[in-house]
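# Coordinate analysis (summary)
Each chain is listed here by its residues.
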Amino acid sequence: MTMGRAVILLVLSGLLAALGVVLVAVRINSGLIDSSIAARDSGAHIGSNAATPTGGGGRTSPGAAGATVTAAIKTATALLGGAKTAVPTGRDVTQVPVGASTEVNGSRYTVIQVMDPEAPGFFTTTAGNRRVALEVTQEAISGTVQYSFSSFRIRDAAGQEYTWAITNTEPKFDSGMLKQGESKRGWISFQVPAGIAVDALILQVPGQAKGTAIVSLK
């Protein structure tokens, strides 16, 4: 458990204790608990003077109790929200041209070159389509990161996206893990309709529903 989460749990415990006190006060005020219990003689005495309650007779009005409960809930909600770790989405990434690098979620990506169409090989292309192959590098610049050919798609000028196809060009960009300072370089292929113009390389960021355009292929 991290220090920040431990502090938040401690604060929440205090808030829950305060909430319990408020609920008891509300019950006393509404008559659910006999408020004279505290004034009864228990047989034990310390000192000669009874403690004098401050405020309005020691009671909490229903309105004040409700406000206290609401404040406690809002505080707990704010603390829980602050405990969440922000996950970079990559939505603000500016597309770079082929040959330039861009950084997303602890990795630096570069498209070295584009082969359009990809040279024929063992894996055939469906009639009416062509293959586009990209030589890509991914370098871990912050901690350990995952790399995978399946994280990439390409988009055409109309906004349609296309997933990977098995590449005919070596070395292939496969899947694995990179430690900080390590990099992976390889080819990724995509099968697209013969007549369309490719527009951008798309990266699927974990935790994000929509992919992020990182490299312009125009």
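Residues numbered from 1 in each chain as written. Predicted model: local features only at pLDDT ≥ 70, side-chain atom pairs only at ≥ 80, totals over all residues. Heavy atoms only, no water.

### Focus: the layout of surface pockets
Empty space among the atoms can be located by rolling a probe the size of a water molecule over them. Considered as a void within the structure, the largest pocket measures approximately 300 Å³ in volume. Lining the largest pocket are 17 residues, with Tyr109, Gln138, Val145, Gln146 and Pro206 positioned closest to its centre. Broken down by secondary-structure element, the contributors of at least two residues to the lining of the largest pocket are β2 (107–115) and β4 (145–148). For the lining of the largest pocket, the element with the most residues is β4, which contributes four residues. Split by residue class, the lining of the largest pocket holds seven nonpolar, 10 polar and no charged. (1 Å grid on protein atoms, 1.4 Å probe; cavity = no way out; pocket = protein on both sides within 12 Å on 5 of 7 lines; lining within 4 Å. Points joined across faces, edges and corners; volume = space filled by probe spheres on them. Helix = DSSP H or I, 4+ residues; strand = E, 2+ residues; numbered from the N terminus. Nonpolar A, V, L, I, M, F, W, Y, C, P; charged D, E, K, R; others polar.)

### With respect to the sheet that holds strand β11 (residues 212–216)
Spatially, the four strands line up as an open sheet ordered β6-β5-β10-β11, and their pairing is antiparallel. The strands lining the two open edges of the sheet, one partner per strand, are β6 (161–162) and β11. Inspection of the sheet shows strand β5 (residues 152–156) paired to strand β10 (residues 198–203) by five bridges, in the antiparallel sense. By the bridge assignment for β10, Arg153 is matched with Ile202. (Pairing = 2+ DSSP bridges.)

### Things to note about the nonpolar core
Core analysis: the largest hydrophobic core is formed by 26 residues, its most contacted members being Leu134, Phe152, Ile154, Leu201 and Ile214. When residues of this core are traced back to their parent elements, those giving at least two are β2, β3 (129–140), β4, β5, β9 (183–193), β10 and β11. Among the elements that take part in this core, β3 stands out by supplying four residues, more than any other. Excluding residues within four positions of it along the chain, Leu201 makes contact with Val111, Leu134, Phe152, Arg153, Ile154, Phe190, Thr212, Ala213, Ile214, Val215 and Leu217. (Core = buried A, V, L, I, M, F, W, Y, C linked by side-chain atoms within 4.5 Å. Buried < 20%, exposed > 50% of the residue type's maximum accessible area, 1.4 Å probe, protein only. Contact = heavy atoms within 4.5 Å.)

### Here's the deal with unusual backbone geometry
With an omega of 5°, the peptide bond between Asp116 and Pro117 qualifies as cis. Take Pro117: it is sitting in the loop between β2 and β3. Omega for the peptide link from Glu170 to Pro171 comes to -5°, which places this bond in the cis form. Counting through the fold element by element, Pro171 comes out in the loop between β7 (164–165) and β8 (175–178).

### Here we look at the pattern of salt bridges
When the charged atoms of two side chains lie near each other, side chains of opposite charge can form a pair. Applying the stated rule across the entire model yields nine salt bridges. A salt bridge links Asp174 to Lys184, with the shortest nitrogen-to-oxygen separation between them at 3.4 Å. Of this pair, Asp174 sits in the loop between β7 and β8 while Lys184 sits in strand β9, and the two are 10 residues apart along the sequence. According to the relative accessible area criterion, Asp174 is partly exposed, its value standing at 34%. Under the relative-accessibility criterion, Lys184 is labelled buried at 18%. Among the salt bridges present, the one from Asp199 reaches Lys218, with a minimum N-O distance of 3.6 Å. Here Asp199 is found in strand β10, whereas its partner Lys218 is found in the segment after β11, with 19 residues between them in sequence. Residue classification places Asp199 among the buried residues on the basis of a relative accessible area of 9%. Judged by its relative accessible area of 80%, Lys218 falls in the exposed class. One salt-bridge network, held together by shared partners, links Glu103, Arg108 and Glu139. (Salt bridge = Lys/Arg side-chain N within 4 Å of Asp/Glu carboxyl O.)

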